[in-house]
Amino acid sequence: MTDSASMRALRAGIALCLSGIVAACGGGGDGESTGTTAATPAPVQVTTPALATPATVAVPGTPTPAPTPAPAPAPVAAAVDVNCSLNGAAGIQGEVMQRVNALRAAGAVCGSTAYAATVPLAWNSLLLQAASGHSSDMAQNNYFSHTSLDGRTMARRVVATGYTYSALGENIAAGQSTVESVITGWTNSPGHCQNLMNPAFRDIGVACVRSDTSNYRYYWTMVLGRS
């Protein structure tokens, strides 16, 4: 990155991160398999954008593994706004679904991997529960990582909601103040884009939680899955 590009990045104040457990087709060149060391999350800074690699595992034809006993996920307080007060009463669901499914309908090139048009995703309340819990936790505790501070992983958070998966993935981001900016950021990043386009997925839940006392203010979590 040139010095001028570095300065532009320093002014952006945006972070992206992704993770995935993908059935059947794997997750591409940025993937991380089960049993490997989890991707090191980018350091949380006030003004520096960051990316972390996705985690992927092939589990075709196998049932959801029994979860390792873990603390129950912290419940999201009823007063928590999981839409970051965006789009008024409509919230973010409609715009997220329109943008993501338009991308999947058109097909995309994610880095060096071309993805054909694929099936649309359906909004899922259990995946929203997992997404909102993680965004709320990151916002309230001022961190940015796929791993919760108590050690819970994406899969453990999702299993705790009652969702039984055969494929699972997660994109997280921080700092973006609109749905358009976060979807554009994920689309332009090869690994995140692969999660968005992966034909293994059928369900989606996306949450944004805002905390003006935390570094990035806006904390986004997208969970994609197939039961």
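Check the entry above for the structure.
The structure presented is a predicted model; accordingly, all values stated were derived computationally and were not measured.

Turning to unusual backbone geometry, a few remarks are in order. If you check the backbone angles, Asn87 has positive phi at about 65° while not being a glycine. Secondary-structure assignment places Asn87 in the loop between strand E1 (15-21) and helix H2 (93-106). Assessed through its relative accessible area of 38%, Asn87 is described here as partly exposed. Of note, Arg217 is a non-glycine position whose phi angle comes to about 70°, a positive value. Within the fold, Arg217 resides in the loop between strand E6 (203-210) and strand E7 (218-226).

Counted under the stated rule, the structure contains 2 disulfides. Between the sulfur atoms of Cys110 and its disulfide mate Cys193 the distance is 2.1 Å. Between Cys110 and Cys193 the disulfide shows an S-S torsion of about -55°. By sign, it is left-handed. With Cys110 in strand E2 (residues 108-110) and Cys193 in helix H6 (residues 190-197), the pair connects residues that are 83 residues apart, well separated along the chain. What connects to what in the chain, once the bonded cysteines are numbered by sequence position, is 1-4, 2-3.

Calculation notes
Residues numbered from 1 in each chain as written. Predicted model: local features only at pLDDT ≥ 70, side-chain atom pairs only at ≥ 80, totals over all residues. Heavy atoms only, no water. Helix = DSSP H or I, 4+ residues; strand = E, 2+ residues; numbered from the N terminus. Buried < 20%, exposed > 50% of the residue type's maximum accessible area, 1.4 Å probe, protein only. Disulfide = S-S within 2.5 Å.

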